[in-house]
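# Coordinates in review
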2 protein chains.
Amino acid sequence: MLSEFDIIRKFFSRSPRAGNRVVLGVGDDAALLDVAPGHELVTACDMMLAGRHFFADVDPAALGHKCLAVNLSDLAAMGAVPRWCLLALALPIADEAWVAEFARGFHALADRYGVDLVGGDTTRGPHTACVQILGEVPRGTALRRDGARAGDEVWVSGTLGDAALALAHVQGDVQLDARAAAHCRQRLELPQPRVVLGEALRGIAHSAIDVSDGFAADLGHILERSNVGAEIEFEQLPRSDALIRSAAAYPERVREAILGGGDDYELCFTAPPAQREALADLEQKLGVRLSRVGRVSAQLGLVVRDAAGREIALPKRGFDHFATS
Amino acid sequence: MLSEFDIIRKFFSRSPRAGNRVVLGVGDDAALLDVAPGHELVTACDMMLAGRHFFADVDPAALGHKCLAVNLSDLAAMGAVPRWCLLALALPIADEAWVAEFARGFHALADRYGVDLVGGDTTRGPHTACVQILGEVPRGTALRRDGARAGDEVWVSGTLGDAALALAHVQGDVQLDARAAAHCRQRLELPQPRVVLGEALRGIAHSAIDVSDGFAADLGHILERSNVGAEIEFEQLPRSDALIRSAAAYPERVREAILGGGDDYELCFTAPPAQREALADLEQKLGVRLSRVGRVSAQLGLVVRDAAGREIALPKRGFDHFATS
């Protein structure tokens, strides 16, 4: 049986990469890090629990990926460069094969973005993973929720609703065709944080958020913090081929997934019309679809209209972990 | 029923204190913080789970205190000044009275040390609290585990073994008298992190660790990382009146508690003999008992001797969350 110390030594102690300014990593009471001069520290944490955020029989590599991905997504939404992370992990038993796969998924994503795991905690309990992410942004340049201005246009990266549709499929509420199911499950289980896009949006976007609670709720957070409103054209909201194919059989469900589905981890941001060309260039350069979906107004509130200009009722609110429904 | 957003707004959104360099706190995708020039960032996290680290019927205010205290203790062991924290909290139901008490215990301790809660995550699940602590230390001055040198003396703050004795009492393995039980439970449930002492030890101690896994195991971590050994005089290890009174009835248990009990959150540190006077001054000034308990040697390994000079067998290892015993 592996001990707590074996687990840390074997799977979670790696030499920090050169140039990442890790003064002291795993193995002391705390990590010592050097934040670059002229930069602000950017930090967030997200906790994922078995039975709530994932199924107990989840692929551990996918779980390792996802618990870091959702945190990287928070930093992407700030336009920050991720540098370091801490991982608190609870495991019901010290299953070496499980931990090895979890660590593989975790480190693969960390490596892609040059993130060093510098500390954490390992304990026994129901599968739980709490990641704290740390990054840097040049002072005063972070993308915040409170920067949207009337006249800005609203943009979304990638496509919306795939993850929610995958969850509905897994739960048996809808039946997707095999190809659509595979695409949507990939989106749910291996979300790709928009780290590079987030960094590129500094100096272009006025505000940003990642879509984790659902598009309407997350845009709502921007509007509330910025004290503005927005009009969104529902038909402009970006959707995958898989979602479009599924819409015929489940029109209501798909509409809900687009407006209210969480877990997409795309970026929603606002930018002035003068940035359209810069955004078209970014779309080309990064190979990330960017869709202009509406406009910020001085009039408070969020209005979503269909192709005929009729207002669409919004999901009451985004994903609330304490909602009883 | 409180929503996730209600809980955050009502109990965990407070204005950051002036001078703490919180550029952006709770309410965005991530927090923005300014680390002081010439300082390193110091960060750690600890996760506590119901049924593992505390009982499900725990006093929520004590839990709020303890989950922050154990993290502050990690920063104390580095000689760092705590500044900020993040809190990820899982709750089985959104019980307003429970959350209010938890928040009260948490904020009271945060206020004592000037720590701002700048972000986190709230979700539904078995009671789980994961705190990530962030602080600062002047560059190059942190107290590390790897700085002990042959000739250093070994010191311990406060007293050892009370928390382990309290746990044994609660579990029915020993029966303490009422006064001893009250003292030891206080130590277990409301540990007082040695933040001020840790800061004061910069420039005096060569190495430090907090006693969370047990004295022998934690000193062992220093010795291993510093590539040295130590001889400890068992009779010099500091003990409370409560523990001394209990030793007559449970000599073995008490010896185990002193050497192997975790959860005391005292500091164990090494310092050269030339610092004895400085440490005596600190003891007076801070009102914290400091005990000189042995000496670091070039000879690897940890030896603990009784009053007659006989070697005492050590607990096999400190608290291992995956041990099956």
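Right, let's walk through the structure included here.

What counts and what doesn't
Residues numbered from 1 in each chain as written. Chains lettered and ligands numbered in written order. Predicted model: local features only at pLDDT ≥ 70, side-chain atom pairs only at ≥ 80, totals over all residues. Heavy atoms only, no water. Pairing = 2+ DSSP bridges. Helix = DSSP H or I, 4+ residues; strand = E, 2+ residues; numbered from the N terminus. Axes fitted to C-alpha atoms, helices over the stretch in contact; angles between N-to-C directions. Contact = heavy atoms within 4.5 Å. Buried area = accessible area lost by both parts, 1.4 Å probe. Salt bridge = Lys/Arg side-chain N within 4 Å of Asp/Glu carboxyl O. Nonpolar A, V, L, I, M, F, W, Y, C, P; charged D, E, K, R; others polar. Patch = residues over 30% accessible without salt bridge, like charges linked within 9 Å, V, L, I, M, F, W, Y side chains within 5 Å. Areas by Shrake-Rupley, 256 points an atom, 1.4 Å probe, with all protein chains shown as cover. Least-squares fit on C-alpha atoms with pLDDT ≥ 70 in both. Phe/Tyr/Trp six-rings, centres within 6.5 Å; stacked < 30°, edge-to-face > 60°. Buried < 20%, exposed > 50% of the residue type's maximum accessible area, 1.4 Å probe, protein only. Lys NZ or Arg CZ within 6 Å of the ring centre and 35° of its normal.

Residue and element names in this part refer to chain A. Taken in spatial order, the six strands make up an open sheet running β8-β10-β7-β11-β9-β12, and their pairing is mixed. Two strands in the sheet have a free side with no partner beyond their single neighbour: β8 (207–210) and β12 (301–305). For this sheet the average axis-to-axis angle between neighbouring strands, irrespective of direction, equals 25°. Here strand β7 (residues 153–157) pairs with strand β11 (residues 290–297) via five bridges, running antiparallel. Across the sheet, the residue bridging to Val154 is Gly294, located in β11. Against the sheet, helix α10 (residues 276–286) contacts β7, β10 (267–271) and β11, and its axis sits at roughly 155° relative to β11.

Taken together, the contacts link 73 residues of chain B with 73 residues of chain A. In total, about 5600 Å² of surface goes out of reach between chain B and chain A, with carbon and sulfur atoms giving 59% of it. Linking chain B with chain A are six salt bridges. B:Asp28 is the salt-bridge partner of A:Arg145, the closest N and O atoms lying 3.7 Å from each other. Within the side of chain B that touches chain A, the residues separate by chemical class into 40 nonpolar, 14 polar and 19 charged. Of the pairings in the sheet, the one linking strand β3 (residues 39–49) of chain A to strand β2 (residues 31–33) of chain B comprises three bridges and is antiparallel in character. Among the inter-strand pairings, A:Leu41 is bridged to a residue of β2(B), identified as B:Leu33.

What follows concerns a nonpolar patch on the surface. On the surface, a cluster of nonpolar side chains totalling about 220 Å² of accessible area is made up of A:Phe55, A:Leu167 and A:Val170. Mapping A:Val170 onto the fold places it in helix α4 (residues 162–170).

Overlaying chain B on chain A yields an RMSD of 0.0 Å, the required transformation being a rotation through 180° with an accompanying axial translation of 0.0 Å. The superposition of one copy onto the other is thereby described by a two-fold rotation axis. Mapped onto chain A, 100% of the interface residues of chain B are again interface residues, and the two copies thus contact each other with one and the same surface.

Once that is clear, we can look at the sheet that holds strand β5 (residues 116–124) of chain B. Reading across the sheet, the six strands line up as β1(A)-β2(A)-β3(B)-β6(B)-β4(B)-β5(B) and stay open at both edges, with mixed pairing between neighbours. Only two strands of the sheet have a single partner each, and these edge strands are β1 (22–24) of chain A together with β5 of chain B. Within the sheet, the average angular offset between the axes of one strand and its neighbour, ignoring direction, is 20°. Pairing analysis gives nine bridges linking strand β4 (residues 81–91) of chain B to strand β6 (residues 128–138) of chain B, with the strands arranged antiparallel. Each residue of the ladder has a partner; that of B:Leu86, found in β6(B), is B:Gln132. On top of the sheet, helix α2 (residues 60–76) of chain B reaches β3 (39–49), β4 and β6 of chain B; it is set at about 140° to β3(B), its chief contact.

To continue, consider the packing of aromatic side chains. Residue and element names in this part refer to chain A. Taken as a whole and judged by the stated rule, the model has eight aromatic pairs over all chains. Between Trp98 and Phe102 the ring centres are 5.5 Å apart and the planes differ by 15°, which places this aromatic pair in the stacked class. With Trp98 and Phe102 both in helix α3 (residues 96–112) and four residues apart, the pair spans about one turn of that helix. Take Trp98: its relative accessible area is 12%, and that puts it in the buried class. Following the ring pairs from residue to residue traces out a cluster consisting of Phe12, Trp98, Phe102 and Phe106. One cation-aromatic arrangement involves Arg255 over Phe234; the distance from NZ or CZ to the ring centre is 5.8 Å.

In short, shape yes, function no, at least from these values alone.
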